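Each chain, written out:
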Amino acid sequence: SDVCSSDLEQIVKKSQLPFGVYSSKKKKTGEEKVLLIDAMGVLNALYQIADLAVVAGSFDKSLQGHNILEPILSHTPVLFGPYMSDQKDLVDLILSCEAGKQVTLSNLEQVVEALFYDRETLLLLQKKGEALRAATYKTVQNTWVSLSSFID
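### Considerations on the nonpolar core
- L36, L52, L79, L108 and L115 are the most contacted members of the largest nonpolar core, which has 17 residues in total.
- Those elements giving two or more residues to this core turn out to be α1 (2-15), β2 (34-36), α5 (105-117) and α6 (119-148).
- Beyond its immediate chain neighbours, meaning those up to four positions away, L79 contacts L52, A53, V54, V55, K101, L108, V111, V112 and L115.
- Ranked by size, the runner-up nonpolar core spans 14 residues in total, among them I68, M84, A99 and L132.

### Considering unusual backbone geometry
- With phi around 70°, H75 is a residue other than glycine that occupies positive phi space.
- Mapped onto the secondary structure, H75 falls in the loop between α3 (69-73) and β4 (78-80).
- Relative accessible area serves as the criterion here: at 41%, H75 is assigned to the partly exposed category.
- Positive phi is not limited to glycine here, since E98 has a value of about 55°.
- Structurally, E98 is set in the loop between α4 (88-96) and β5 (100-102).

### Brief notes about the sheet that holds β4
- The sheet built from 3 strands is open, its strands ordered β3-β4-β5 with parallel pairing. One side of each edge strand has no neighbouring strand; the edge strands of this open sheet are β3 (53-55) and β5. Each strand of the sheet is rotated relative to its neighbour by a mean of 20°, with strand direction disregarded.
- Relative to β5, β4 runs parallel, the two being bridged by 3 bridges. Counted as the bridge partner of L79 is K101 from β5.
- Strand contacts of α4: β4 and β5, with the helix running at about 120° to β5, the strand carrying the most contacts.

### Section: the packing of α5 against α6
- In the contact formed by α5 and α6, the axes pass within 5 Å of each other and the chain directions differ by 100°. On the basis of the axis angle, α5 is roughly perpendicular to α6. Together, L115, F116 and Y117 of α5 and R119, T121, L122 and L125 of α6 make up the contact between the two elements.
- Grouping the constituent residues of the contact of α5 with α6 by class yields 5 nonpolar, 1 polar and 1 charged.

### So, the confidence of the model for the protein
- The pLDDT averaged across the protein works out to 86; a share of 95% of its residues lies at or above 70.
- Predicted confidence in the protein is weakest over α1, with a mean pLDDT of 69, and strongest over β5, with 96.

Rules used throughout
Residues numbered from 1 in each chain as written. Predicted model: local features only at pLDDT ≥ 70, side-chain atom pairs only at ≥ 80, totals over all residues. Heavy atoms only, no water. Core = buried A, V, L, I, M, F, W, Y, C linked by side-chain atoms within 4.5 Å. Buried < 20%, exposed > 50% of the residue type's maximum accessible area, 1.4 Å probe, protein only. Helix = DSSP H or I, 4+ residues; strand = E, 2+ residues; numbered from the N terminus. Contact = heavy atoms within 4.5 Å. Pairing = 2+ DSSP bridges. Axes fitted to C-alpha atoms, helices over the stretch in contact; angles between N-to-C directions. Parallel < 35°, antiparallel > 145°, perpendicular 65-115°, else oblique. Nonpolar A, V, L, I, M, F, W, Y, C, P; charged D, E, K, R; others polar. pLDDT = per-residue confidence, 0-100.

The structure is reproduced here in structure tokens:
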């Protein structure tokens, strides 16, 4: 939502990290450390090149959650907010595997900054995500093998 994007933009401004907004007509310099994505259909491609994903819709009470597994499947650690009531199973899975972090809007800036300066912790999140991704693919593969026995 606009409110959420605005809130996140204010947090990024306060951090003094160079940033850009995806839909902005302002030319990107390549020096941006943060890119706020405010467009549909581009997330999966951008997750693949990101160091960290913040799933902003999970900070908007009216949305009740987004797919927080998508960044992990693209090898990107994920931070997400408290409003995930429609995705409780994903929250439980990701938190139990320590493949992502659930944060509040008030501590988002602190967590993002800490992860940017503590590459070891960021890489550990990524490693835990890789283990979760491997387990997910194995489950899908086992399901497919089971189902394919019913196909001619």
